[in-house]
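Understanding the architecture of this molecule
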Amino acid sequence: MGVSGCGKSTVGAQLAAALGLEFLEGDTLHPACNVARMVAGFALSDADRAGWLQTLAERIGAARLAGQGLVLSCSALKRSYRDILRQGAPDLHFLHLHGDYELLAARMAARTGHYMPLSLLASQLATLEAPGTEENAQIFDMASRPEVIVAAVAARWAANCAGDSAP
C-alpha cells in the first residue's frame with residue numbers, strides 16, 4: 001500500500017515471486033470511469049473508490065477461501081479503505097511503502113504507461129492515513145532497494161507461518 005510512485009507494483013511482484021503466490025495489480029481492476037477521472041486530473045472520492053475496493057476485497061476473500069495466498073498492490077490510503085479490504089480476510093497483512101515528495105515525484109515523472117498524473121500526488125499524500133500499530137502492517141521507506149524490502153517481508157512471513165504450525 002501507499003501513494004502512487006512508491007513502488008507497490010515492483011515490490012508486490014517481487015514479493016509474490018519470492019513467496020510463490022499470485023500477484024494482482026489492483027490498478028488493473030479500476031473501472032474505466034475511475035481511470036478517466038484520474039487521467040483528467042481529478043482525485044477519486046470515497047464513493048468513486050467504493051466499488052473498486054469491494055472488488056479487491058472479493059478477490060482477497062476468494063483467494064482465502066481457495067486456501068491460496070495473494071499479493072495485491074493498491075493504494076489503501078485510508079483506514080476505512082483497509083477495513084473494506086479486511087472484509088476479504090480479517091487477518092490481512094499490509095506493507096506500507098512511504099517516502100518523500102521529491103522521490104515520489106521523480107519516480108512518477110520517469111515512468112511510462114501509467115495513467116496516474118503527477119498532479120494528483122499531493123491529494124494522495126493529503127488523503128494518506130498511515131496504518132496504526134494494530135493494523136498488522138510493516139512500514140518501509142520506499143528509498144530502500146525492493147529486494148531488501150522483499151527479504152524482510154518474506155522473513156516475517158516465514159516466521160509467522162512457522163508459528164502457525166507450532167503445537
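Everything below is about the structure shown above.
Starting from 1, residues in each chain are numbered consecutively following that chain's sequence as written. Note on the predicted model: pLDDT of at least 70 is required for a residue's local features to be given, and 80 or more for side-chain atom pairs to be given and counted; whole-chain, interface and lining totals, by contrast, use all residues. With hydrogens and water excluded, all non-hydrogen atoms of the structure serve as input to the side-chain values.

In DSSP terms, a helix is any run of H or I states spanning at least four residues, a strand is any run of E spanning at least two, and both are numbered starting from the N terminus. As for its placement among the helices and strands, aspartate 46 is situated in helix H3 (residues 46-65). Between buried and exposed lies partly exposed: a residue is buried under 20% and exposed over 50% of the maximum accessible area for its type, with that area taken using a 1.4 Å probe on protein chains only. The exposure class of aspartate 46 is partly exposed, given its relative accessible area of 40%. Considered as a pair, aspartate 46 and lysine 78 are 32 residues apart in the sequence and their alpha carbons are 9.6 Å apart. Residue contacts are counted whenever heavy atoms from the two residues lie within 4.5 Å of one another. Not counting residues up to four positions away in its chain, the partners in contact with aspartate 46 are Lys78 and Tyr81. Identification of polar contacts relies on pairs of N or O atoms within 3.5 Å, with a donor-acceptor requirement for protein atoms, meaning one able to donate a hydrogen and the other able to accept it, and with residues adjacent in sequence counted only if both atoms are side-chain atoms. At 3.0 Å, the side chain of aspartate 46 forms a polar contact with the side chain of lysine 78.

Further remarks concern the packing of H3 against helix H4 (residues 79-86). Working convention: axes come from line fits to C-alpha atoms, limited for helices to the stretch in contact. Angles between N-to-C directions cover 0 to 180 degrees. One way to put it is that H3 packs onto H4 with a least axis distance of 8 Å and a crossing angle of 30 degrees. Where H3 crosses over H4, the handedness of that crossing is right-handed. Here Asp46, Arg49, Leu53, Gln54, Leu56, Ala57 and Ile60 of H3 lie close against H4, whose contacting residues are Tyr81, Ile84 and Leu85. Amino acids outside the nonpolar list (Ala, Val, Leu, Ile, Met, Phe, Trp, Tyr, Cys, Pro) and the charged list (Asp, Glu, Lys, Arg) are all regarded as polar, and Gly is one of them. For the contact of H3 with H4, the class distribution of residues is seven nonpolar, one polar and two charged. It is the rotation of the near helix from the far one that decides the hand of a crossing: anticlockwise by less than a right angle makes it left-handed, clockwise makes it right-handed.

This paragraph deals with the state of the cysteines. Disulfides are defined as cysteine sulfur pairs within 2.5 Å. On inspection of all chains with the given rule, the structure shows zero disulfides. The thiol of cysteine 6 is unpaired, and the distance to the nearest cysteine sulfur, on cysteine 74, comes to 10 Å.

On to helix H1 (residues 8-19). One less than the residue count of a helix, multiplied by 1.5 Å, gives the span that helix is expected to have. Spanning 12 residues, H1 covers 16 Å between terminal C-alpha atoms, matching the ideal 16 Å at 1.5 Å per step. Those residues of H1 not exposed but buried are Lys8, Val11, Gly12, Leu15 and Ala16. Along the axis of H1, the buried residues cluster in a sector spanning 130 degrees; they form a single face. One or two steps after H1, the chain reaches glycine 20, where phi turns positive at roughly 70 degrees. Directions drawn from the helix axis to the C-beta atoms are what define this arc.

Next up on the list: H4. Along H4, the residues classified as buried are Tyr81, Arg82, Leu85 and Arg86. Taken down its axis, H4 places every buried residue within 145 degrees of arc, on the same side. Looking at the packing, one finds that the buried side of H4 touches H3 and strand S3 (94-98).

Looking at the secondary structure, you find glutamine 138 in strand S4 (residues 137-141). A relative accessible area of 17% means that glutamine 138 is categorised as buried. With sequence-adjacent residues up to four places away left out, glutamine 138 is seen in contact with Phe94, Leu95, His96, Ala152, Val153 and Arg156.

Turning next to the environment of alanine 76. Here alanine 76 lies in the loop between strand S2 (70-73) and H4. For the pair alanine 76 and valine 3, spaced 73 residues apart in sequence, the C-alpha to C-alpha distance is 8.4 Å. For alanine 76, the residues in contact, after removing those within four places along its chain, are Met1, Tyr81, Arg82, Leu85 and Phe94.

Now for the nonpolar core. Counting residues in each nonpolar core, the largest one holds 30 residues, and the members touching the most others are Leu85, Leu95, Leu97 and Ile149. Secondary-structure elements contributing two or more residues to this core are H1, H3, H4, S3, helix H5 (101-110) and helix H7 (146-165). With four residues, the single largest contributor to this core is H3. If sequence neighbours within four positions are ignored, leucine 97 has contacts with Met1, Gly2, Cys6, Gly7, Lys8, Val11, Phe140, Met142 and Ile149. Here the nonpolar core consists of buried residues drawn from Ala, Val, Leu, Ile, Met, Phe, Trp, Tyr and Cys, with membership extended through side-chain atoms lying within 4.5 Å.

Moving on, we get to the pattern of salt bridges. Any carboxyl oxygen of Asp or Glu within 4 Å of a side-chain nitrogen of Lys or Arg constitutes a salt bridge here. A full pass over the atoms with the stated rule returns 11 salt bridges. The salt bridge partner of aspartate 46 is lysine 78, with a shortest N-O separation of 3.0 Å. Residue aspartate 46 is located in helix H3, and its partner lysine 78 is located in the loop between S2 and H4; the two are separated by 32 residues in the primary sequence. Measuring nitrogen to oxygen at the nearest pair gives 2.7 Å for the salt bridge that ties arginine 145 to glutamate 147. Glutamate 147 gets classed as partly exposed once you look at its relative accessible area, which sits at 40%.

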